[in-house]
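Each chain, written out:
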Amino acid sequence: MKSFRKELHVHTKTRRGMVNITPQINAALTESGIREGLCLVNAMHITASVFINDDESGLHRDFERWLEKLAPEKPHNQYNHNGYEDNADAHLKRTVMGREVVVAVTNGQLDFGTWEQIFYGEFDGMRDKRVLVKIVGE
Ligand code: ZN
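Novice: Quick one: what's the story with the pairing of strand E5 (residues 100-106), residue by residue and with numbers?
Specialist: Because side chains alternate across E5, one face comprises the buried residues Val101, Val103 and Val105, and the other comprises Glu100, Val102, Ala104 and Thr106, none of which is buried. Bridging between E5 and strand E6 (residues 109-110) involves 2 bridges; their strand directions are antiparallel. Looking at the pairing, Val105 lines up with Leu110 of E6. Joining the antiparallel neighbours E5 and E6 is a turn of 2 residues, in which Asn107 adopts a positive phi near 55°.

Novice: How would you sum up the coordination of the zinc ion? Please name residues and give values.
Specialist: Distances from the zinc ion to its protein donors, His81 (NE2), Glu85 (OE), Asn87 (OD1) and His91 (NE2), fall within 2.1 to 2.5 Å. Around the zinc ion, the 4 donor atoms sit at angles spanning 80 to 153°, and that spread fits a shape best called irregular. Motif for the zinc ion, donor spacing along one chain: H-x3-E-x1-N-x3-H. The class of Asn87 is buried, set by a relative accessible area of 3%. You can call His91 buried: its relative accessible area is 18%.

Novice: An account of the side chain of Arg16 is requested, with residue identities and associated values reported.
Specialist: If you trace the backbone, Arg16 turns up in the loop between strand E1 (2-10) and strand E2 (17-20). In this structure the side chain of Arg16 is engaged in a polar contact, spanning 3.4 Å, whose partner is the side chain of Glu68. Here Glu73 takes part through its side chain, which lies 3.1 Å from a polar atom of the side chain of Arg16.

Novice: Describe in detail the packing of helix H2 (residues 57-70) against helix H3 (residues 88-97), supporting the description with residues and values.
Specialist: Geometry of a packed helix pair, given as the angle between the helix axes and the separation of the axes. Across the interface, H2 lies against H3 with an axial gap of 10 Å and an inter-helix angle of 120°. Regarding the angle of H2 to H3, the classification is oblique. For the crossing formed where H2 meets H3, the hand is right-handed. Together, Phe63, Trp66, Leu67, Glu68 and Leu70 of H2 and Asp89, Lys93, Val96 and Met97 of H3 make up the contact between the two elements.

Novice: Please set out the sheet that holds strand E4 (residues 48-53) residue by residue, giving values where relevant.
Specialist: Across the sheet, 3 strands lie side by side as E2-E7-E4; this open sheet has antiparallel pairing. Of all strands in the sheet, those with a lone pairing partner are E2 and E4, marking the two edges. Going across the sheet, the axis of each strand differs from the next one's by a mean of 30°, ignoring polarity. Relative to strand E7 (residues 117-122), E2 runs antiparallel, the two being bridged by 4 bridges.

Novice: Could you give an account of helix H1 (residues 22-32), naming the residues involved and the relevant values?
Specialist: Count 3.6 residues to each turn of an α-helix, and residues three or four apart come out pointing the same way. Of the residues making up H1, those classed as buried are Thr22, Ile25, Ala28, Leu29 and Ser32. The buried residues of H1 occupy one face: seen down the axis, they fall within an arc of 120°. Away from its buried face by more than 90 degrees, H1 exposes Pro23 and Thr30. Gly33 sits one or two residues past H1 and shows a positive phi near 75°.

Calculation notes
- Residues numbered from 1 in each chain as written.
- Predicted model: local features only at pLDDT ≥ 70, side-chain atom pairs only at ≥ 80, totals over all residues.
- Heavy atoms only, no water.
- Buried < 20%, exposed > 50% of the residue type's maximum accessible area, 1.4 Å probe, protein only.
- Helix = DSSP H or I, 4+ residues; strand = E, 2+ residues; numbered from the N terminus.
- Pairing = 2+ DSSP bridges.
- Donors = N, O, S within 2.8 Å, 3.2 Å for Na, K, Ca; no water.
- Tetrahedral: all angles 85-135°; square planar, octahedral: opposite > 155°, others 65-115°.
- Polar contact = N/O pair within 3.5 Å; in protein donor to acceptor, adjacent residues only side chain to side chain.
- Axes fitted to C-alpha atoms, helices over the stretch in contact; angles between N-to-C directions.
- Parallel < 35°, antiparallel > 145°, perpendicular 65-115°, else oblique.
- Left-handed = near helix turned anticlockwise from the far one by under 90°.
- Contact = heavy atoms within 4.5 Å.
- Arc of directions from axis to C-beta.

If you want it as structure tokens, here you go:
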């Protein structure tokens, strides 16, 4: 069995954002040379997510509004976590949106359902963040 590991780097200009990282995952899969197996993609931070959904801007605004209802960023003092930090909402949003995804690799391709794309969800951005890609198979 072969194993491949790669880190991607993300730096959003805004506190929150969703970045389609599917092209980078496809490039990593090509680089790995693995044709059959599994591809894990996870955020390496506890205030960011990796999730699969549609690349549709209206839906992304809907996610933003829904997450702000569930865990509003402000007022910062509504959260016990916010002493030295102001990112309690980001921890909560990340938990709802998930840490990682696993995609089957078939015939050298990510074996997606229709419209499935991989996103990095940032909830406490404007700094360097990392995403781990691990691909195993043959
Ligand atoms: Zn924190």
